[in-house]
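Close look at the chain arrangement
Here is how the chains run, residue by residue.
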Amino acid sequence: MSLPRLFSGMQPSAASLHLGNYAGALLQWRELQTTHDAVFCVVDLHAITVPQDPAALREQTRRTAAQYIAAGIDPEHSTLFVQSHVSAHAQLAWVLNTITGFGEASRMTQFKDKSSKGGVDAASVGLFTYPMLQAADILLYDAAIVPVGEDQRQHIELTRDLAARFNSRFGDTLVVPEVSILKETAKIYDLQNPGSKMSKSGESPAGILWLLDEDAALVKKVKSAVTDSDGVVAYDPAGKPGVSNLLSILSLLTGETVEALVASFAGLQYGALKGAVADAVVAAFAPIRTRTLELLDDPAELDRLLALNAGRAEEIAEATLTRVYDAVGF
Ligand code: ADP
Ligand code: NA
């Protein structure tokens, strides 16, 4: 019996993933790969919709893939590959561009957000057509479900509309996927600005726990996390965002409920909580860092794995592209 197909992508946009990516994506994908035929793609074609340094992009793409493998995405069981290795992505995206309305694409809020800084005139056309490339990623693999954060819902709705439109114009060809929103409970906040989510573009370097940080750096950041002055370990995200974030992190990494953790820290100071969080972060990240560095140290083996996985991806993608090309009259 075949498992339902799942597709998810991640940008190679930083040298390391951070605790938010670990909580909000990696841990959940690691679970989902056991119950799905999972396809995970490092989306380097998407990355160049904004300017990238070529050497850094190449390095980050490899590092991103290595971190996913090190954190438990199994490249023998799941399909983990690099988008630019499979040419069908760009080819299907072109076809989808031709059935997308200009007005429809103009309504995508992520484009409006991302182009708002320099103004629409400074944005690339690639940034504008980003959602149709994302639709191609998903539709090439006949994905039944697409687990994404809430911010991606509009793009997945567009993907569904495009698949249905293609099918109604050209005959039944593409699988219309379901949106599956990742658990919001896993949201992690910046250690220095606990009002904002932990993000690679965070303002304070000390607020972000990178998967590839050395143990000492992780401990230092956790110990200097912003808390408050009342000295009581309690879970109250609105009133005590710093302490609540530390409790969420500890709960996520130990599997203990927040309630049980609060009870166990009764009468103790924030130092005790920070010590426990630091230990848990180091215990979770150190083996991933070690494995990532091993993978990066053996470029031939990493390339072999990525090529093998791209080959598996290409087989599925080419079959879909052939159906699409036949349907449109190529
Ligand atoms: P960033 O915010 O650092 O730019 P991305 O937007 O590249 O991160 O997110 C990649 C994945 O990681 C997404 O699935 C997103 O939902 C998840 N993610 C990112 N930051 C967090 C966070 N602080 N808490 C939980 N999940 C997060
Ligand atoms: Na982001």
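Thresholds applied
Residues numbered from 1 in each chain as written. Chains lettered and ligands numbered in written order. Predicted model: local features only at pLDDT ≥ 70, side-chain atom pairs only at ≥ 80, totals over all residues. Heavy atoms only, no water. Domains from an automatic or database assignment. Contact = heavy atoms within 4.5 Å. Buried area = accessible area lost by both parts, 1.4 Å probe. Salt bridge = Lys/Arg side-chain N within 4 Å of Asp/Glu carboxyl O. Polar contact = N/O pair within 3.5 Å; in protein donor to acceptor, adjacent residues only side chain to side chain. Helix = DSSP H or I, 4+ residues; strand = E, 2+ residues; numbered from the N terminus. Nonpolar A, V, L, I, M, F, W, Y, C, P; charged D, E, K, R; others polar. Near = heavy atom within 4 Å. Areas by Shrake-Rupley, 256 points an atom, 1.4 Å probe, with all protein chains shown as cover. Axes fitted to C-alpha atoms, helices over the stretch in contact; angles between N-to-C directions. Parallel < 35°, antiparallel > 145°, perpendicular 65-115°, else oblique. Left-handed = near helix turned anticlockwise from the far one by under 90°. Core = buried A, V, L, I, M, F, W, Y, C linked by side-chain atoms within 4.5 Å. Buried < 20%, exposed > 50% of the residue type's maximum accessible area, 1.4 Å probe, protein only. Expected span 1.5 Å × (residues − 1). Bend = angle between axes of the 7 residues up to and from the residue.

Observations concerning the domain arrangement of the protein
Partitioning the protein into domains gives domain 1 (5–186 + 298–328) and domain 2 (205–293). If you look at the interface, domain 1 gives 15 residues, while domain 2 gives 13 residues. Together domain 1 and domain 2 conceal approximately 1200 Å² of surface at their shared face, both sides included; 80% is due to carbon and sulfur atoms. Sorting the residues of domain 1 by area buried against domain 2 places Leu19, Tyr22 and Ala70 first, and these three jointly supply 42% of that buried surface. Counting the contacts that link domain 1 with domain 2 gives zero salt bridges. On inspection of domain 1 and its partner domain 2, the count reaches four residue pairs in polar contact (both at pLDDT 80 or more). Among the secondary structure elements, those contributing two or more residues to the side of domain 1 that touches domain 2 are helix H1 (19–32) and helix H3 (54–70). Ranked by the residues each element gives to the side of domain 1 that touches domain 2, the list is headed by H1, at five residues. Of the residues assigned to the side of domain 1 that touches domain 2, the class counts are 11 nonpolar, three polar and one charged.

Comments concerning the site of ligand 1
What surrounds ligand 1 is a group of 12 residues, the closest being His18, Ile188, Lys197, Met198 and Lys200. Interatomic distance of 3.0 Å between a side-chain N/O atom of Asn21 and an oxygen atom of ligand 1. Contact with the protein chains hides 76% of the accessible area of ligand 1, taken as 530 Å² for the molecule alone.

So, the packing of helix H4 (residues 88–97) against helix H7 (residues 125–140)
Between H4 and H7, the shortest axis-to-axis distance is 8 Å and the interhelical angle comes to 120°. Considering the angle they form, H4 stands oblique to H7. The way H4 lies across H7 gives a crossing that is right-handed. For the pair H4 and H7, contact is made by Ala88, His89, Ala90, Leu92, Ala93, Leu96 and Asn97 and by Thr129, Met132, Leu133, Ala135, Ala136, Asp137, Leu139 and Leu140, respectively. Split by residue class, the contact of H4 with H7 holds 11 nonpolar, three polar and one charged.

Observations concerning the packing of H1 against helix H10 (residues 241–254)
Viewed as axis vectors pointing N to C, H1 and H10 meet at an angle of 45°, and their least axial separation amounts to 12 Å. On the basis of the axis angle, H1 is oblique to H10. The way H1 lies across H10 gives a crossing that is left-handed. Of the residues in H10, those in contact with Leu19, Tyr22, Ala23 and Leu27 of H1 are Ile249, Leu252 and Leu253.

With respect to the nonpolar core
Residues Tyr22, Leu209, Leu273 and Phe285 are the most contacted members of the largest nonpolar core, which totals 60 residues. With 13 residues, the single largest contributor to this core is helix H12 (residues 270–297). The two domains that each donate at least three residues to this core are domain 1 (5–186 + 298–328) and domain 2 (205–293). Dropping the residues within four chain positions of it, Leu209 is found in contact with Leu17, His18, Leu19, Leu191, Met198, Leu218, Lys221, Val222, Val281 and Phe285. Grouped together as the second largest cluster of nonpolar side chains are 39 residues, Ile138, Val146, Leu174 and Ala310 included.

Observations concerning the environment of Thr290
As for its placement among the helices and strands, Thr290 is situated in helix H12. Classification of Thr290 as partly exposed rests on a relative accessible area of 43%. In this structure the C-alpha to C-alpha distance between Thr290 and Gln67, which are 223 residues apart in sequence, comes to 10.0 Å.

Focus on the pattern of salt bridges
Applying the stated criterion to the full structure yields 14 salt bridges. The closest approach of N and O atoms between Arg160 and Glu157, which form a salt bridge, is 3.7 Å. With a gap of three residues between them, Arg160 and Glu157 both fall in helix H8 (residues 153–170), about one helical turn apart. According to the relative accessible area criterion, Arg160 is partly exposed, its value standing at 25%. Exposure remark for Glu157: the relative accessible area of 33% places this residue in the partly exposed category.

A word on H7
For H7, built from 16 residues, the straight-helix expectation of 22 Å at 1.5 Å per residue is met to within 8% by its first-to-last C-alpha distance of 22 Å. Within H7, the axis deviates most sharply at Pro131, by approximately 40°. With 13 of 16 residues buried, H7 is to be regarded as a mostly interior element. In the stretch just after H7, Asp142 is the one whose phi turns positive, near 50°.

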